[in-house]
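Summary of structural features
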Amino acid sequence: MTNPLYDQLFGRHRGSDRVFLHLPGGTSLSYGAFVTLAGRYGAALLEMGLEPGDRLATQTPKSPEALALIAACIQTGVVLLPLNTAYTPAELQYFIENSGARGVICAPQSQDALAPIAATQGAKLMHLGAHGDGSLADLANSCTPLEDVTPRAAEDLAAILYTSGTTGRSKGAMLSQANLLSNAQTLIDFWRFTERDVLLHALPIYHTHGLFVGTNITLLAGGSMIFLPKFDLDAVIAAMPQASTMMGVPTFYTRLLEDTRFTGDLAQHMRLFISGSAPLLAETHERFEARSGHRILERYGMTETNMNTSNPYDGERRAGTVGPALPGVEVKITDPESGAPLPKGEIGMVEVRGPNVFQGYWQMPEKTAEELRKDGFFITGDLGQLDKDDYLTIVGRGKDLIISGGFNIYPKEIELLLDEQPGVLESAVVGAPHPDFGESPVAVLVPEPGAQIDLEQIRAAMAETLARFKQPRRIEILPELPRNTMGKVQKAALRAQYTDSFTQNA
Ligand code: MLC
Ligand code: AMP
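Residues numbered from 1 in each chain as written. Chains lettered and ligands numbered in written order. Predicted model: local features only at pLDDT ≥ 70, side-chain atom pairs only at ≥ 80, totals over all residues. Heavy atoms only, no water.

1. Quick look at the overall build of the protein chain
- Within the protein chain, the secondary structure is distributed over 15 helices and 23 strands.
- Taking 23 Å as the expected radius of gyration for a compact globule of 506 residues, we find that the protein chain reaches 23 Å, a close match to that expectation.
- The buried share among the 506 residues of the protein chain stands at 57%.
- Excluding contacts between residues fewer than 6 apart, the proportion of contacts in the protein chain whose partners are at least 24 apart in sequence is 66%.
- Summing over all exposed atoms, the protein chain offers an accessible surface of approximately 20,300 Å²; the carbon and sulfur share of this is 50%.
- Placing the 42 positive and 58 negative side-chain charges of the protein chain at their respective mean positions leaves the two points 3 Å apart. (Helix = DSSP H or I, 4+ residues; strand = E, 2+ residues; numbered from the N terminus. Rg over C-alpha atoms; globule rule 2.2 N^0.38 Å. Buried < 20%, exposed > 50% of the residue type's maximum accessible area, 1.4 Å probe, protein only. Contact = heavy atoms within 4.5 Å. Areas by Shrake-Rupley, 256 points an atom, 1.4 Å probe, with all protein chains shown as cover. Lys, Arg positive; Asp, Glu negative; His and termini not counted. Charge placed at Lys NZ, Arg CZ, Asp CG, Glu CD.)

2. A look at helix H8 (residues 208-221)
- By the criterion of burial, H8 is predominantly enclosed, with 14 of the 14 residues buried.
- With its phi angle positive at about 80°, Gly222 sits one or two positions after the end of H8.

3. Regarding the side chain of Thr305
- In this structure, Thr305 sits in the loop between strand E13 (297-302) and strand E14 (306-310).
- Note on Thr305: relative accessible area 0%, which makes it buried.
- For Thr305, the side chain forms a polar contact with the side chain of Asn308, separated by 2.9 Å.
- Beyond its immediate chain neighbours, meaning those up to four positions away, Thr305 contacts Val352, Asn356, Val357 and Phe378. (Polar contact = N/O pair within 3.5 Å; in protein donor to acceptor, adjacent residues only side chain to side chain.)

4. Digging into the site of ligand 2
- Near ligand 2 lie 15 residues; those nearest to it are Arg299, Thr303, Asp382, Lys399 and Asn408.
- Within the side chain of Thr303, one N or O atom sits 2.7 Å away from an oxygen atom of ligand 2.
- A distance of 2.8 Å separates an oxygen atom of ligand 2 from a polar side-chain atom of Asn408.
- When ligand 2 is considered free in solution it has 500 Å² of accessible area, and contact with the protein chains removes 92% of it.
- With five residues, E13 is the largest single contributor of residues to the shell around ligand 2.
- Tallied by class, the residues present in the shell around ligand 2 amount to six nonpolar, four polar and five charged. (Near = heavy atom within 4 Å. Nonpolar A, V, L, I, M, F, W, Y, C, P; charged D, E, K, R; others polar.)

5. What about the packing of helix H4 (residues 89-99) against helix H5 (residues 111-121)?
- The contact between H4 and H5 brings their axes to 10 Å, and the two run at 20°. Regarding the angle of H4 to H5, the classification is roughly parallel. For the pair H4 and H5, the crossing hand works out as right-handed. Where H4 abuts H5, its residues Pro89, Leu92, Gln93, Ile96 and Glu97 lie against Ala113, Leu114, Ile117 and Gln121. (Axes fitted to C-alpha atoms, helices over the stretch in contact; angles between N-to-C directions. Parallel < 35°, antiparallel > 145°, perpendicular 65-115°, else oblique. Left-handed = near helix turned anticlockwise from the far one by under 90°.)

6. Let's talk about the sheet that holds strand E10 (residues 224-227)
- Read across the open sheet, the eight strands follow the order E2-E1-E10-E9-E11-E12-E13-E14; overall the sheet is mixed. Every interior strand has two partners, whereas the edge strands, strand E2 (28-30) and E14, have only one. In this sheet, neighbouring strand axes are inclined to one another by 25° on average, regardless of whether the strands run parallel or antiparallel.
- Taken together, the four bridges between E13 and E14 define a ladder with antiparallel strand orientation. Opposite Met302, over in E14, you have Asn306 as the bridge partner. (Pairing = 2+ DSSP bridges.)

7. Topic: the site of ligand 1
- Near ligand 1 there are 24 residues, and of these Arg255, Ser277, Arg299, Ser404 and Arg468 occur at the shortest range.
- The side chain of Lys230 places a nitrogen or oxygen atom 3.1 Å from an oxygen atom of ligand 1.
- In this structure, an oxygen atom belonging to ligand 1 sits 2.8 Å away from a side-chain N or O atom of Arg255.
- Coverage of ligand 1 by the protein chains reaches 76% of its 1,000 Å² of free accessible surface.
- Every element with two or more residues in the shell around ligand 1 is listed here: H8, helix H10 (250-257) and E13.
- A per-class count over the shell around ligand 1 returns ten nonpolar, nine polar and five charged.

Now the structure itself:
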């Protein structure tokens, strides 16, 4: 038996002099050097006592070493559990416990906060800093690079990525080797990636977009990446003349348009800009083309499925749509109540099926059964419409979700916390349009009779528990929430009421 994902992404580059990563400061890392580095981290994981199938939770800054750690997981059959660097210890505790992680790798500054959580779970804790420093880096550097590759079957788990849930609890989406490999293979063909491509990589590497789309495609095509620690507008503008492709969330594109240095000349060497993870306004699409001459290629994906649809490379890229289903992927629109297929043109639930669709939620068989049909169709929670040419338009969400700068925020999680605060009878959180992040949460609180709500205390409680990007930037107090005759909170009415929260003075 082999290890298909390791062999395809990493093993075949062993010893190669080709550049894989272009790094800030003008240095670079070859494919061969990267595979060796990954082997050191693989040896370190074995030293930590990790075994195939064990879960390793990682919350590390973006760096070549963090990427090598990911490769090491695949090499050793350890299941990767990458976590947003913005999560607080309170949020991490859930992921570590729920996944039954056997190891935790954190940033050096998070060690003290995570030590008791890891200890309770019986997980080994080590750290890795932004510059290849920390106890894990020390261990890796002292190890002989591992050459052995743990055999894995295509259906074995490669990673678990947590997605927030409408009930407030996150669910771990189990992704197999075949899920990741099949999608990367489809995308390099569809988007014409080759070893000549240089991807401007400014996304985080703990989510599907920057990891399984950006990084896996580059590895499979044998191209290179300009590997920036984060999206920094100056750094992106400085790097663009050396790049051939970029992938980003819509905020990347609106920020570029805000800057007069972004011109057709700057983008002259680029062959492709791809957008996803959140809706790209048709207006942004058109302004981008007018400025740069490039039509952004918009695609649609999810943590549970990787990429499902994409506008074509050669054909018409239609603004406001996410294109037809990718080869090998089926998309259908169904009645949200009955699940019956709807004719073209009608709005309904988007369902997808294909080799990209995940294996289910980690240890949540009921949730899996609710969302993944027996015939393999996954109920995405997005509402959409197919046109006569099978281009999909996402028209809304059946799930109560806010997407801010490409990060998902589930109102329920914030509401549960707000409802617990002193003086709060109940709360509702809705998304309002935001000029930079696309959407941003607004919280509405109803006081208990006669009670005074202390907003400073509420903000402090949120800062203690929730990642900064989830914390509502506007909080309002109302005597009661609007409800329909069934007693259900009318979020649409609140959304309409607070729609100008962030755009009025923008
Ligand atoms: C950072 N902040 C955010 C935020 N990101 N607030 C709301 N929404 C966000 N997305 C906050 C910080 O806490 C901080 O708050 C302030 O903004 C500035 O922080 P920063 O680190 O300088 O932020 P910045 O670099 O500007 O980040 C914005 C961003 C980044 C849009 C570049 O969030 C980003 O790279 N997003 C990409 C997310 C992504 O990869 N999504 C893919 C999911 S996969 P303060 O108040 O302290 O100043 C998926 C599937 C698919 O969805 O289809 O791809
Ligand atoms: P996540 O759970 O972080 O993977 O987010 C997946 C969700 O992002 C999808 O269910 C959609 O709601 C949204 N999404 C991804 N790509 C697009 C897109 N191009 N247009 C609109 N929404 C998108």
